[in-house]
Structure formats: C-alpha cells, structure tokens
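Here is how the chains run, residue by residue.
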Amino acid sequence: MKFKQSTIAAYIFLAPALSAIFIFFFLPVIAAFLMSFSDFDIYALGDLSSVRFIGLKNYLQLFDDPLFYTALQNTFYFMIMAGPLSIAVSLGAALLLNSKLVKFKSIFRLSYFIPVVTTLVAVAIVWRFIYHPKFGIINYILSLAGIAPVDWLGDPATAMPAIVLMSVWKNFGYNMIIFIAGLQNIPEDLYEAASIEGANGWQKFKSITLPMLAPTTLFISIITMIGYFQLFSEPYIMTQGGPLNSTLSIVQFMYQEGFRWWNMGYSASIAFVLFFIIFIGTVIQFKIQKSTE
Amino acid sequence: MIKKIFLYGFLIITSLVTLVPFIWMLGASFMNDGAASVFPPIFIPDPFTLVQYKTLLEKLNITQNFINSLTLSISVTIVSLFFNSMAGYAFAKYRFGGKKFLFNLLLSSMIIPSQVTMLPLFLLLKSMGFINTYMAIIIPGMANIFGIFLIRQYCLAIPDSLIEAARIDGATDFQIYRKVILPLAIPILVTLAIFSFLGTWNDFLWPLIVLTDDSMYTLPVSLANLMLEHTKDPELMMAGSVVTIIPVIIVFLALQKYYIKGIMMGSVKE
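Residues numbered from 1 in each chain as written. Chains lettered and ligands numbered in written order. Predicted model: local features only at pLDDT ≥ 70, side-chain atom pairs only at ≥ 80, totals over all residues.

1. Digging into the overall build of chain B
Secondary structure summary: chain B contains 13 helices and zero strands in total. The order of α-helices and β-strands along chain B, N terminus first, is α-α-α-α-α-α-α-α-α-α-α-α-α. For 270 residues, the compact-globule formula gives about 18 Å, and the C-alpha radius of gyration of chain B, at 23 Å, lies well above that figure. Its C-alpha atoms give chain B principal-axis dimensions of roughly 70 × 65 × 35 Å. Taking all 270 residues of chain B together, 43% fall into the buried category. Considering only residue pairs separated by 6 or more positions, chain B has 75% of its internal contacts joining residues 24 or more positions apart. (Helix = DSSP H or I, 4+ residues; strand = E, 2+ residues; numbered from the N terminus. Rg over C-alpha atoms; globule rule 2.2 N^0.38 Å. Buried ≥ 20, exposed ≤ 12 C-beta atoms within 10 Å, placed from the backbone. Contact = placed C-beta atoms within 7 Å.)

Structure representation (structure tokens):
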C-alpha cells in the first residue's frame, strides 16, 4: 500500500514537467519529422487540408540547392576554425589561472568570463562597430603596425574569420571554467612523482595534464561543436549572412526558408539535416575518444 | 621573479583586451551623435551626455522592451524552477515503473537541437492563439531537461533518512518536497535560477520568431531591429547595448559563485 502511494506521488511530481516536455518538445520533434516529408507552405498556414505527403522531395531538393551547400560550407568553416581555437584559448587560460604563481585569480577569471554571460545580440552590435573599416578599434590597432584598413565584415574573405574571432572571445570563458575544474581533479602527487624523475614542464603537460584532461576535453569539444553548429545571431546582427552569402549559416538558412518564405516543409528538412550532422559529430567524437584510450 | 612579472603582465593585458569592447561600449553610449565615429577611436566621452539614453526612453519606448524582458525572464525562471525541481526530486528519490526508461529518454534527447522543434511549435502556439504573447515564450520554457538533470544530481546526495524521518512524523509527499527537499536544494535552485534567467534574457532566435510587435519585443529583438534601421548611430546602439547588458552583469556578479558551480556540475560525467 505504502509503495503504491509513493508511486502515485512520483507520477504527480513528474506530471507537470514531463507533460510540458512531451507536448512542447517531443511532439514538435515528431511533427517536424513528418513535416519534412510534406509540402507544408504558406497556403497550408490558412488551410491545413492542402498539405500533401511528398516523400523525400524536400531532401532531394535540398541536396540540389546551391544555397544549402553554401550554408553547410560556411557553418563547417566556422566550426572548424572557431572550435579548436576556442578550446585552445580556454585551455591556455585555464592553465594560467590554475598556476600556483598567480594570485587575484578571481579577478582575472571574472574578466575572462564576463563575455559569456552578456547578451549575444548586444555584444555582436558592439563588435560590428569594433570591425568598422574607418573608425573601428581593430583597424586602428592594425594601423599602428602600418597595416592598411580592412573592411572586415564587408569582404567575403574576412567576414567569417571576423565572426570566428568574436565568437571565440564570447565563449572561451565557459570552457575555461570546465577546464579549471578538470585540472583541479588531477592528483597533485602525479606531478610530484614526475618532478622527482626529472620531467620538465612540457613533458608533464604532455604525459600527465593532457591525458588526465581527456574526458573533460571530449565533453568540451562536444558542447562546443553543438553550440557552434547552431550559429545564428552573430551573422544575423553583423552581416545578415552576407556579403555574397559568405556568412549564411544553416540555422539562418532554415530560419529564412521557414519563417520568412514559410516553406515550412522544406525548412523542417533543413532542421533534420542539422540534427543529423550534430548527431554524427557527437558519435565520431566519442569514437575518437574511445580509440585513444 | 621575471617569470612572475611576465605572467602577470600577460594576464593583465589579456584581461584588458577581453574587456575593451565593454569599455568602448560604455564610453560611446555617453557621447553625442557622431562623436564615437572618429579616428583614432576614443573611449572617454567629452562632453559627457545622456542624450542617447533619453532617445531610447522617449522616442524608442525601450522601457516597454525592458519590462517584457524582465517579466518573461522572471516568469520562466519561477515556473521552470517549480516544474524541474519536482521532476528532479522524483527521479532522485522515488521508485516507479518506467523510471530508467524515462530518464534515459530525457537524457538522450538533450542532443536534439531546439531548432528542430521550432516550426511545429510555432504552429502549435499559433493554433492556441499565443503568438505575439508572453505565453509563446513562457510555455516552451516551463520545463527543461538540463534543469531536471541538475536537480536530480543534487537530490541524490540528500540522505534518505531525512525523508524517512519526515514521513514517520506524518508529513505528506508534498510536505516533504516543500519543507525538507526545497530548503536543502537552495544552492542548486539558485544556480538553475541564474541559468534560466540569463538564458531567457539573452535568447534571440525564438523571441524573434514568436514576438511580432514592437511593443512585445524583448530587448535583444528590439535592439536587433534598431540595429538594422540605425546602423549609422553607434552612440545610440551602444546605449541600447548597455541597457541590455547591465541587468545580466548585475545578476551574474551578485551570484557568480552559484553560476560557476553550475557549469562545473553540468560537466560532471555520469
């Protein structure tokens, strides 16, 4: 009797959260999957009966769409540049702040971390002016070194690297915190033993720090990859996907197709390709991690 | 000694570089129109003026956007804390059929990007008449898997004996949750409250989709909209950015200990 009662209590405790998640998360996921096989468009918004099942047509059309390849390429380019750079910078910052030589750690940690909590839209606007070709801080610093002004966000060759730099600045503090936690979990006596055997700083880093941080690094690479693959606000604010679509991301492409042109079936197929890539990326990273263990 | 000077020099310079965008933002927000568009860039307003903030308040009705952001962030935080804490507690301390299955289902679906749900969710909320209302933001934010997970982790460490003792004293299940679990879970609730508040405050894509009226916009949406119209006015845009960022910085500075702990907890492998 008692067991039964507490089971009922458990279900009552779960009911609000789980029904919210089922109705407003799982159900839409399934609906989006079905939508991606339909011709759901602006007419369907007014009259649901006009929706037809069209099989794989959206996906076939997607793989024929040059804009999709542009968005895919841009997003990969962004992730491949920003991901490793951000992880390297956060590891470097974590190592510095974990050093016993440093005092006032919390002040430095705070200033590295502030960009993480600030509103992305607001800082993207600030950076838009920092990259200003005539009056921006970046070009001013370059001018001190005698380098001619660069139209960072106006040139297809430099627009994405500019967004990469800004994103690394925005995010590295987050991963830095996780790395610091990982570093603090490495037993001190490992380093002491290595010192007795005469290992230098680099050797200790290579054969103790890096292997001991492997699980942390895996976690960080996965969340960084997932986060960066959803790139949207930075280009939306700084370049609107331009110039010449050089910063158009997958999510922006999905947003435009779905919520600007109301090609919702087509847009749903883009969303599922995004999901599929994130899924594969996660599996690959787990496999790499396993094979190095 | 030389190593130490080098280390500190490096830390100080990189910290300053990290903060430069904020310093420039703050300086430019107190300048007159056009004063920030000079070469070389200046950081200190001369003369100092509040004219940009005045424009935001009087002409652009930013107070309404501020109220929207604040109301939404607080509502989502309160509702989700309540829902997540009950579910997290149930997963940690109760035995019931399908527990493992449900929990694993939730955990593994954390990999699904929220963009996948956006199109049907939009249609669902539209059919309920919630587009361009607060409900369009609050409803999808009522519960989240990460929050349930964090609270479950925390509740696992609460000794069963406390719960048993309360039960022997005749407390009902809800009283145990309310009087025993919640007070003990305050640190994790504060952590989650910050995540939730900042997440809602800073969110952009979803509010951009479901809020369609100037008067309903949150600060980021309003700011983005302004940006695309007022590109030429960096001083005004910087004032708008300051207004958007200050609240999150205050919340973070006041409660940073909890926030940092939450990031570390979220990264602990099962």
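2. Some details on the overall build of chain A
Assigned secondary structure in chain A consists of 14 helices and zero strands. N-terminal to C-terminal, the α/β element order of chain A is α-α-α-α-α-α-α-α-α-α-α-α-α-α. In terms of overall size, chain A is more extended than a compact globule, its C-alpha atoms giving a radius of gyration of 24 Å where 293 residues would be expected to give roughly 19 Å. With respect to the principal axes defined by its C-alpha atoms, chain A has extents near 75 × 75 × 35 Å. Counting all 293 residues of chain A, 41% fall into the buried class. A separation threshold of at least 6 residues defines the contact pool for chain A, and within that pool the share at least 24 residues apart is 66%.

3. Side note on the environment of A:Ile8
Residues and elements named next belong to chain A. Of note, Ile-8 is situated in helix α1 (residues 2-35). Under the C-beta neighbour-count criterion, Ile-8 is labelled exposed, with 12 such atoms within 10 Å. As for Ile-8 and Val-51, which are separated by 43 residues in sequence, their C-alpha atoms are 42 Å apart.

4. As for the interface of chain A and chain B
Many descriptions give the size of an interface as the accessible area lost when the pieces come together. Every contact between the two is made by 70 residues of chain A and, on the other side, 65 residues of chain B. Sorting elements by how many residues they give to the side of chain A that touches chain B places α1(A) first, with 19 residues. The residue makeup of the side of chain A that touches chain B, split by class, is 58 nonpolar, eleven polar and one charged. (Nonpolar A, V, L, I, M, F, W, Y, C, P; charged D, E, K, R; others polar.)

5. Focus on the nonpolar core
If you look at the biggest cluster of nonpolar residues, it comprises 155 residues, and the most contacted ones within it are A:Ala17 and B:Ala87. If sequence neighbours within four positions are ignored, A:Ala17 has contacts with B:Phe83, B:Asn84, B:Met86, B:Ala87, B:Ala143 and B:Ile148. (Core = buried A, V, L, I, M, F, W, Y, C linked by C-beta atoms within 7 Å.)

6. Focus: unusual backbone geometry
When glycine is set aside, most residues are seen to have a negative phi, and most peptide bonds are trans. The peptide bond linking A:Gly242 to A:Pro243 adopts the cis configuration, its omega dihedral lying at -15°. Between B:Phe39 and B:Pro40 the backbone carries a cis peptide bond, its omega angle lying at -5°. Topologically, B:Pro40 is positioned in the loop between α1 (2-29) and α2 (51-58). The phi dihedral of A:Gln240 is positive, around 55°, even though this residue is not glycine. In this fold, A:Gln240 is placed in the loop between α12 (233-238) and α13 (250-260). Phi is positive for A:Asn245, close to 60°, though the residue is something other than glycine. Looking at the secondary structure, you find A:Asn245 in the loop between α12 and α13.

7. What about helix α9 (residues 173-184) of chain B?
Residues and elements named next belong to chain B. Between its first and last C-alpha, α9 extends 16 Å over twelve residues, near the 16 Å set by a 1.5 Å rise per residue. Among the residues of α9, Asp-173, Ile-176, Tyr-177 and Ile-181 are the ones counted as buried. All buried residues of α9 lie within an arc of 95° about the axis, which places them on one face of the element. In this structure, α9 carries Arg-178, Lys-179 and Pro-183 as exposed residues pointing more than 90 degrees from its buried face. (Expected span 1.5 Å × (residues − 1). Arc of directions from axis to C-beta.)

8. Overview of the domain arrangement of chain A
Each assigned domain of chain A is listed here: domain 1 (1-35) and domain 2 (71-120 + 151-292). Taking only C-alpha atoms, the centre of domain 1 of chain A and the centre of domain 2 of chain A are 33 Å apart. (Domains from an automatic or database assignment.)

9. So, the domain arrangement of chain B
Residue and element names in this part refer to chain B. Partitioning chain B into structural domains gives domain 1 (1-49) and domain 2 (52-266). Contact residues are listed per partner, giving ten residues for domain 1 and eight residues for domain 2. A class-by-class count of the residues in the side of domain 1 that touches domain 2 yields six nonpolar, three polar and one charged.

10. Some details on the packing of α2(B) against helix α13 (residues 234-266) of chain B
All names here are of chain B. Interhelical geometry of α2 versus α13 gives an angle of 70° and a closest axis separation of 9 Å. Between α2 and α13, the interaxial angle falls into the category roughly perpendicular. Packed against α2, whose contacting residues are Gln-52, Tyr-53, Thr-55 and Leu-56, the element α13 presents Glu-235, Leu-236, Ala-239, Gly-240 and Val-243 at the interface. (Axes fitted to C-alpha atoms, helices over the stretch in contact; angles between N-to-C directions. Parallel < 35°, antiparallel > 145°, perpendicular 65-115°, else oblique.)

11. With respect to the packing of helix α11 (residues 214-229) of chain A against helix α14 (residues 264-292) of chain A
Residue and element names in this part refer to chain A. Put simply, α11 and α14 touch, their axes get as near as 10 Å, and they point 165° apart. By the angle class used here, α11 and α14 are roughly antiparallel. When the axes of α11 and α14 are compared, the crossing they make is right-handed. Residues Ala-214, Leu-218, Ser-221, Ile-222, Met-225, Ile-226 and Phe-229 of α11 lie in contact with α14, whose contacting residues are Leu-274, Ile-277, Ile-278, Gly-281, Thr-282, Gln-285 and Gln-289. Grouping the constituent residues of the contact of α11 with α14 by class yields nine nonpolar, five polar and no charged. (Left-handed = near helix turned anticlockwise from the far one by under 90°.)

12. Section: the environment of A:Leu95
Residue and element names in this part refer to chain A. Note on placement: Leu-95 falls in helix α4 (residues 66-98). With 15 C-beta atoms packed within 10 Å, Leu-95 lands in the partly exposed category. Separated by 81 residues in sequence, Leu-95 and Met-176 have C-alpha atoms that sit 8.8 Å apart.

13. As for the confidence of the model for chain B
The predicted coordinates ought not to be read in detail in places where the model reports low pLDDT. Residues of chain B with pLDDT of at least 70 account for 98%, and the chain-wide mean is 93. Here the complex is predicted with pTM 0.94, and the ipTM for its interfaces comes to 0.92. (pLDDT = per-residue confidence, 0-100.)

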